[in-house]
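Below, each chain spelled out in residue letters.
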Amino acid sequence: GTYPIGRPVLGTQIEILDAAGRAVPDGRTGELCILGGGVSMGYIGGHESENAAFETLPDGRVRYHSGDLGYRLPDGNLAFLHRKDTQIMIYGKRVEVSEVESRLYRCAGVRQAVVRACRDEAGLSYMTAYVVPAGEGLKVSALRRALSENLPAFMIPEFFVEMDHLPLNANGKPDLQKLPVVLKEGALLQWRMEVLHAVFSIPIDTPLDALREANRRYYETELPRGGHLACFARLDGVRAGCGGVCFYPEMPSPDNPTGRCAYLMNIYTKPAFRGRGVGRAVVGWLVN
């Protein structure tokens, strides 16, 4: 998954820095920064955000922050990993968009591909894949199957867009700003806690391991003794289901030294909303 890119050319220095701008030891990952006579003061006519990559040092030299992550190999050569700005969070897990794009390029029938990270109405990240097919008859189902052989489900793009060609910028790279944006409504349930009079949100497809972690934290948290907590699930603007949890004390034991216990009460989903993850989301919220 790495790409050796050689050594700095004559008159050029490469520094590998961490997020705080400190040099990292050989073998550690950091941002590849370039110094030397070939580094300019910035882009002519460039936007402020683009020229922010150029840093003038106290000695007058200019350091260019490439945005590429890599590390130094034992033989002194450099290894490129991926762009530092392509990491997003999906279902609480880190996803490298460039890794998904690389896997998509390996799929049969794909001539060119770009994967773009977007955000839905709730601010959650999702991915859209833009594919230029190598021939006729490219199917999304085939791409999903091919990707699933090497990637977990949360790393497979949610949308696929077939393109005749990819728009390019002046540097000959794909221009992400000119790609069509697939809008996605926030797939969230809104919870109204009748007791606390507060509003919370949770994705309806929270991964099971996240619920297990929440359950572990649950027994390490002070909970009220002898009481219950109920919630209503709202979906499409109406109450779609409800559920509750009851807290009670018991005699401490080696398995439960605090004596804190709880059990789920009835979980109910209206017939019109069944099969949409409402009941599972209610259970997940209550466990959390």
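Up top is the structure these notes are about.
Let us look at the structure shown here.

## Some remarks on the pattern of salt bridges
The tally for this structure, following the rule as stated, stands at 5 salt bridges. Across the pair arginine 63 and glutamate 55 runs a salt bridge whose closest N-O atoms are separated by 3.0 Å. Relative accessible area serves as the criterion here: at 30%, glutamate 55 is assigned to the partly exposed category. Because the salt bridges share partners, they merge into one network encompassing Glu15, Glu55 and Arg63.

## A few points about the packing of aromatic side chains
Tallied over the entire structure, the rule returns 2 aromatic pairs. Geometrically, the ring pair formed by tyrosine 126 and phenylalanine 159 is edge-to-face, given 5.7 Å between the ring centres and 80 degrees between the ring planes. Taken together, the positions of tyrosine 126 in strand E10 (residues 125-133) and phenylalanine 159 in strand E11 (residues 159-162) put the pair 33 residues apart, joining distant regions of the chain. The class of tyrosine 126 is buried, set by a relative accessible area of 2%. Residue classification places phenylalanine 159 among the partly exposed residues on the basis of a relative accessible area of 25%.

## Things to note about the sheet that holds E10
Taken in spatial order, the 3 strands make up an open sheet running E9-E10-E11, and their pairing is mixed. Among the strands making up the open sheet, the edge pair consists of strand E9 (110-119) and E11. Sheet twist, expressed as the average angle between the axes of neighbouring strands with direction ignored, equals 25 degrees. As judged from the 4 bridges shared by E10 and E11, these two strands associate in the parallel manner. Across the sheet, alanine 129 pairs through a bridge with phenylalanine 160, a residue of E11. Its contacts with the sheet put helix H2 (residues 97-105) on E9, E10 and E11, and the angle it makes with E9 is roughly 155 degrees. In this fold helix H3 (residues 140-148) packs onto E9, E10 and E11, with an angle of close to 125 degrees to the strand it touches most, E11.

Criteria and cut-off values
- Numbers given to residues run from 1 along each chain, matching the order in which its sequence is written.
- With the structure being a predicted model, the display of local features is reserved for residues of pLDDT at least 70 and the display and counting of side-chain atom pairs for 80 or more, all residues being used for whole-chain, interface and lining totals.
- With hydrogens and water stripped out, all remaining heavy atoms of the structure feed into the side-chain values.
- A side-chain nitrogen of Lys or Arg and a carboxyl oxygen of Asp or Glu constitute a salt bridge if their distance falls within 4 Å.
- A simple rule labels every residue: compare its accessible area, found with a 1.4 Å probe on the protein chains alone, to the largest value its type can have, and call it buried under 20%, exposed over 50%, or partly exposed in between.
- Two rings belonging to Phe, Tyr or Trp (six-membered ring only in the last case) form a pair when the distance between their centres is within 6.5 Å. Interplanar angles under 30 degrees mark stacking, angles over 60 mark edge-to-face geometry, and anything in between is tilted.
- Numbering of helices and strands runs from the N terminus; a helix is a DSSP stretch of H or I covering at least four residues, while a strand is a stretch of E covering at least two.
- A pair of strands is labelled paired if DSSP reports no fewer than 2 bridges between them.
- Note on geometry: axes are lines fitted to C-alpha atoms, helical ones only across the stretch in contact, with angles between N-to-C directions running from 0 to 180 degrees.
- Should any heavy atoms of two residues lie within 4.5 Å, those residues are counted as being in contact.

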